[in-house]
Structure formats: structure tokens, C-alpha cells
Amino acid sequence: DAKTTQPTSMDCAEGRAANLPCNHSTISGNEYVYWYRQIHSQGPQYIIHGLKNNETNEMASLIITEDRKSSTLILPHATLRDTAVYYCIVRVSNSGGGADGLTFGKGTHLIIQP
Amino acid sequence: EAGVTQFPSHSVIEKGQTVTLRCDPISGHDNLYWYRRVMGKEIKFLLHFVKESKQDESGMPNNRFLAERTGGTYSTLKVQPAELEDSGVYFCASSQGRDKQFFGPGTRLTVL
């Protein structure tokens, strides 16, 4: 799986959009970008994933650059409960090979300020 | 729909003892994963079951760790004998396909 680079920490004001960047310059054509988060003392939680098109769900939006070398996770209206460590993970999805387990890096500690 | 459950939530044992962790995946999920985070380190993948078969156990640290999933439902992870460096949080996850993995709350293991 391709390596990812994320900032160690970020702050965001409550109610504002939180934009979390991730670099994955060595991503392969069949690798997806996944985002998970871990709220303190809980298990990791899936947020969203995508291949090359932008994706949106009830939790967040994922913007992937045209060259797919970087992406941004957007939490449109951050709340205090969004304070967590956010992990950007690149991996082959669906069938057809690739490691099965997720490779968690250090992630970005997002702190939502009241 | 019930989520992934893990038992116990906490376990404190002495070095050399045996501990068995249990994971109940979401009903109908054939894929079951074990991960752990030891103090100060990143979350690491341990192994992956598809039904009752071990699909990938490349992350298992050594032969003191034994995972089973008899009948393809719940899974157990046994550590025997436990060492100090085994302390950490053990997470279980399940999935239907290879996309979203749903994680349990974890078992915090402390080896004294």
C-alpha cells in the first residue's frame, strides 16, 4: 500500500469547515483513498473512501486531486464531537489482491475549539 | 443493528499468565480482523479471517498469539504466556466486503 503523509495536528473552530489534507504521491491506479477516525477511547470509525471522483456522504466530503497524489477530507460543520485522530489510508479495495489489513499511520489530531 | 462487540473491555494479568480476548462481529460479516495498539505506537494489523479460515496472519507478532474463529462466527485471540510488551488495546473489526471495516470498542490489556 502507498505511504501517506498527514499533518500531526490541526485546530478548527466549532461550526466551521475542517479541511484535513493528505499526501499520497506514490498511489497506484488501483488504490483507493480511505479515511477513518478514532475518537478518544473508542475503536476506529470508517468515514469515507474514493478512487478518483469526489465523494460525499452524511459524515464528510472527500476531494481527490486530478493526479490523485493528494486528497482533502472536509467536515462541513465541525462540532466538538469531531475532535479525534483522523487517518488517511491508501489501499487496494474490493477483490483482486492487496493486503487485507488497514495500515494506520500517525494520523492528524484534529481539535475542534469551542 | 448491533455493532462489533468485544469482551472483556479491560483485562489485567500478570506476566506469564494466559488471556483470551473475544470478538463478536456484526451478524453476516464473513471478514473479521484483529488489530492492536501498544503504548505509544500506531495501530497495527494482526490477522484477517474469512469465515473460519485465516486469510492473512502476517501481522501476528509471534507464536504466543493464537487466533481462532470456529464456525465462522465469533473469534478469540489467546495470548499465552503474556509478556509485558503485550500490553495495549486490542481491536476487532468486521466487514461484509473489503471496503468498510466496522471496529469494536477494543479490549485494554495490561500485563504486570
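Residues numbered from 1 in each chain as written. Chains lettered and ligands numbered in written order. Predicted model: local features only at pLDDT ≥ 70, side-chain atom pairs only at ≥ 80, totals over all residues. Heavy atoms only, no water.

### Considerations on the overall build of chain A
Scanning chain A from N- to C-terminus turns up zero helices and nine strands. Beginning at the N terminus, the succession of helices and strands in chain A can be written as β-β-β-β-β-β-β-β-β. Over its C-alpha atoms chain A spans a radius of gyration of 14 Å, differing by no more than 12% from the 13 Å that the globule rule assigns to 114 residues. In terms of overall dimensions, chain A has a C-alpha envelope of 45 × 30 × 25 Å along the principal axes. Sequence-distant contacts in chain A: of pairs separated by 6 or more residues, those separated by 24 or more amount to 59%. Total accessible area on chain A is roughly 5,700 Å²; 49% of this is exposed by carbon and sulfur atoms. If the 9 positive side-chain charges of chain A are averaged to one point and the 10 negative ones to another, these points end up 3 Å apart. (Helix = DSSP H or I, 4+ residues; strand = E, 2+ residues; numbered from the N terminus. Rg over C-alpha atoms; globule rule 2.2 N^0.38 Å. Contact = heavy atoms within 4.5 Å. Areas by Shrake-Rupley, 256 points an atom, 1.4 Å probe, with all protein chains shown as cover. Lys, Arg positive; Asp, Glu negative; His and termini not counted. Charge placed at Lys NZ, Arg CZ, Asp CG, Glu CD.)

### Thoughts on the sheet that holds strand β3 (residues 31–38) of chain A
Residues and elements named next belong to chain A. In spatial order, the strands read β1-β9-β8-β3-β4; together these five strands make up an open sheet with mixed pairing. What marks the edges here is a single partner per strand, and that holds for β1 (9–13) and β4 (45–50). With strand direction ignored, the average angle separating the axes of adjacent strands in the sheet is 25 degrees. In this structure, β1 lies alongside strand β9 (residues 108–113), joined through five bridges in parallel fashion. Its bridge partner being in β9, A13 is matched across the sheet by Q113. (Pairing = 2+ DSSP bridges. Axes fitted to C-alpha atoms, helices over the stretch in contact; angles between N-to-C directions.)

### Considerations on the sheet that holds strand β3 (residues 19–24) of chain B
Residue and element names in this part refer to chain B. Within the open sheet, the four strands sit side by side as β1-β3-β8-β7. Their pairing is antiparallel. Because the sheet does not close on itself, it has two edges, and the strands there are β1 (5–7) and β7 (65–68). Between one strand axis and the next, the sheet turns through 15 degrees on average, direction left out of account. Of the strand pairs in this sheet, β3 and strand β8 (residues 75–79) are connected by five bridges, and their pairing is antiparallel. Directly across from T20, in β8, lies its bridge partner K78.

### What about the interface of chain A and chain B?
On the chain B side, the residues contacting the 23 residues of chain A number 17 residues. Summing the contributions of chain A and of chain B, the shared interface buries around 1,700 Å²; its carbon and sulfur component is 45%. The interface formed by chain A and chain B holds one salt bridge in total. Of the charged contacts in the structure, one is a salt bridge between K106 of chain A and E42 of chain B, with a shortest N-O distance of 2.9 Å. Summed over the shared surface of chain A and chain B, the number is five residue pairs in polar contact (both at pLDDT 80 or more). The set of elements that each furnish at least two residues to the side of chain A that touches chain B consists of β3, β4 and β8 (84–92) of chain A. (Buried area = accessible area lost by both parts, 1.4 Å probe. Salt bridge = Lys/Arg side-chain N within 4 Å of Asp/Glu carboxyl O. Polar contact = N/O pair within 3.5 Å; in protein donor to acceptor, adjacent residues only side chain to side chain.)

### Side note on the nonpolar core
In this structure, W35, L73, Y86 and L110 of chain A are the most contacted members of the largest nonpolar core, which totals 22 residues. Ranked by residue count, the leading element in this core is β8 of chain A, at four residues. In contact with L73 of chain A, not counting residues within four places along its chain, are A18, N19, L20, W35, I47, I48, A60, S61 and Y86 of chain A. Judged by nonpolar contacts, the second largest core, of 21 residues, contains V4, C23, L46 and Y90 of chain B. (Core = buried A, V, L, I, M, F, W, Y, C linked by side-chain atoms within 4.5 Å. Buried < 20%, exposed > 50% of the residue type's maximum accessible area, 1.4 Å probe, protein only.)

### Details of unusual backbone geometry
All names here are of chain B. Each neighbour pair has its own omega, and for F7 with P8 the value is -5 degrees, a cis peptide bond. Within the fold, P8 resides in the loop between β1 and β2 (10–13). With omega at -10 degrees, the peptide bond leading from Q80 into P81 counts as cis. By the element assignment, P81 lies in the loop between β8 and β9 (88–95).

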